[in-house]
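# Notes for the structure review
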Amino acid sequence: MPIQKVDKIWMNGRLVDWKDAKIHVLTHALHYGSGVFEGIRCYNTDRGPAVFRLREHLKRMENSAKIYKMGIPYSVEELRKATKDLIKANNLSECYIRPIAYRGYGEMGLNPMQAEVDVAIAAWPWGTYLGEDGLKNGIKAKISSIHRISPNTLPSEAKASGQYINSILAKIEALDAGYDEAVMLDHRGFVSEGPGENFFMIRDGIVYTPPEHASILAGITRNSIIKIVRDMGYQVRETDLTRGMLYLADEAFFTGTAAELTPISEIDGREIGKPGPITKKLQDRFFDTVRGRVREYEDWLDYV
Ligand code: PPE
């Protein structure tokens, strides 16, 4: 689906027209993937648009930058204000927000330290990530032959642009094989995550998800779902999962800002079926939470 255009994009402290939000072809990050970014969603609530866990996302971007020794010339608070200004300027109520800090134009070569750091924030309406039907009925996933980046290859703690070339290989493979999404294994062969989502499964009433050491991005949606699951009285185990365990799952789903909570109906031709009772309850609770209908989780909403 083509990106839905809006009026303005925030670039290095200014709101510029959508069509003018351009970079030079010799931008460092275009060649070497030397950027860090975030994906954030803003939902409409009774009290107007609210950004879900905005500070946590911007803090994670700052941490990603730290890993790559990239100083972001704006603080979390400055970027938080910029994000809200941008949403207001574009008159958006529900949108996806993409902040990015990247090595810019001026120096080439693998020593990035002299290349300036530019920052941009874009926001536009982005509907369901894996389709309306997927959100409702579940998607088909395939365990990928492409392994997730290993800790000493690229740190999965960072959400860095270049790391996604690994996700892209897995995604292409899954689509070519007739599936909707990939499940990637880590360097040890244990389940890691999707190309842009965290993985959860349920068996005998217990909720499982791979641990942070399984080369996952510690998802903010994952963190929210773990809290919601526990508050609902279920047990969550952050533990290494094998391929076989996935084949025997009673229920399974992906979580992510873009993917929200997308049920999985099949893995490698092993049927999981329609979204199960726990998945459905969690999905309802998640959408109620982001739309401001759950008092307990009000802290997660940052009203525009
Ligand atoms: N793992 C990966 C590799 C990942 O990229 C994401 C977010 C997650 C887990 C979930 O993290 P969180 O959003 O904090 O719950 N992926 C972003 C980009 C997706 C894209 O296609 O681009 C997102 O969901 O915004």
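Quick summary incoming for the structure in this document.

About the cut-offs
- Residues numbered from 1 in each chain as written.
- Predicted model: local features only at pLDDT ≥ 70, side-chain atom pairs only at ≥ 80, totals over all residues.
- Heavy atoms only, no water.
- Core = buried A, V, L, I, M, F, W, Y, C linked by side-chain atoms within 4.5 Å.
- Buried < 20%, exposed > 50% of the residue type's maximum accessible area, 1.4 Å probe, protein only.
- Helix = DSSP H or I, 4+ residues; strand = E, 2+ residues; numbered from the N terminus.
- Domains from an automatic or database assignment.
- Contact = heavy atoms within 4.5 Å.
- Near = heavy atom within 4 Å.
- Polar contact = N/O pair within 3.5 Å; in protein donor to acceptor, adjacent residues only side chain to side chain.
- Areas by Shrake-Rupley, 256 points an atom, 1.4 Å probe, with all protein chains shown as cover.
- Nonpolar A, V, L, I, M, F, W, Y, C, P; charged D, E, K, R; others polar.
- Salt bridge = Lys/Arg side-chain N within 4 Å of Asp/Glu carboxyl O.
- Pairing = 2+ DSSP bridges.

### Some thoughts on the nonpolar core
Formed by 38 residues in total, the largest nonpolar core has its most connected members in Leu79, Ile97 and Ala101. Those elements giving two or more residues to this core turn out to be strand E1 (8–11), strand E4 (40–45), helix H2 (54–67), helix H3 (76–89), strand E6 (95–103) and strand E7 (117–124). Looking at which element gives the most residues to this core, the answer is E7, with 7 residues. Counting contributing residues per domain, this core is built from domain 1 (8–124) and domain 2 (132–290), each supplying no fewer than three. Once you skip the residues sitting within four places of it in the chain, Leu79 turns out to touch Trp10, Leu58, Met61, Ile72, Tyr74, Val119 and Ile121. Within the second largest apolar cluster, 24 residues are counted, among which are Phe200, Ile228, Phe253 and Tyr303.

### Points about the site of the ligand
Neighbouring the ligand are 20 residues; Tyr96, Tyr129, Tyr164, Thr221 and Thr257 lie closest to it. Tyr164 places a side-chain nitrogen or oxygen 2.5 Å from an oxygen atom of the ligand. Within the complex, 93% of the 550 Å² of free accessible area of the ligand lies under protein. Among the secondary structure elements, those contributing two or more residues to the shell around the ligand are H2, E6 and helix H6 (220–231). Looking at the shell around the ligand residue by residue, the class counts come to 7 nonpolar, 8 polar and 5 charged. Mapping the shell around the ligand onto the domain boundaries places at least three of its residues in each of domain 1 (8–124) and domain 2 (132–290).

### Things to note about the environment of Met113
By the secondary structure assignment, Met113 is in the loop between E6 and E7. Separated by 57 residues in the primary sequence, Met113 and Glu56 place their C-alpha atoms 26 Å from one another. Not counting residues up to four positions away in its chain, the partners in contact with Met113 are Lys69 and Arg103.

### Some remarks on the environment of Ser144
Tracing the backbone through its elements, the reader meets Ser144 in the loop between strand E8 (139–143) and helix H5 (164–176). We classify Ser144 as buried; its relative accessible area is 4%. For the pair formed by Ser144 and Asp268, sequence separation is 124 residues and the distance between their alpha carbons is 9.6 Å. Other than its neighbours up to four places away in sequence, Ser144 contacts Ala170, Glu173, Ala182, Val183 and Met184. Among the polar contacts listed, one links the side chain of Ser144 to the backbone nitrogen of Ile146, at a separation of 3.0 Å. Here Glu173 takes part through its side chain, which lies 2.9 Å from a polar atom of the side chain of Ser144.

### Here's the deal with the pattern of salt bridges
One pass over the full model with this rule turns up 22 salt bridges. The shortest N-O distance in the salt bridge between Asp17 and Lys8 comes to 2.7 Å. Relative accessible area serves as the criterion here: at 30%, Asp17 is assigned to the partly exposed category. Of the charged contacts in the structure, one is a salt bridge between Glu181 and Lys171, with a shortest N-O distance of 3.3 Å. In this pair, Glu181 sits in strand E9 (residues 181–185) while Lys171 sits in helix H5, placing the two residues 10 residues apart along the sequence. Classification of Lys171 by relative accessible area gives partly exposed; the value is 23%. Residues joined in a network through salt bridges with shared partners are Arg55, Glu77, Arg80, Lys84 and Asp302.

### With respect to the pairing of strand E11 (residues 198–203)
Of all 6 residues making up E11, 5 are buried, and the element is well covered by its neighbours. Sheet topology note: the E11/strand E14 (residues 251–256) ladder contains 5 bridges and is antiparallel. Its bridge partner being in E14, Asn198 is matched across the sheet by Thr255. Pairing between E11 and strand E12 (residues 206–209): 3 bridges, direction antiparallel. Considered in E12, the bridge of Ile202 is made with Val207. Linking E11 to E12, which pair antiparallel, is a turn of 2 residues; within it Asp204 sits at a positive phi near 50°.

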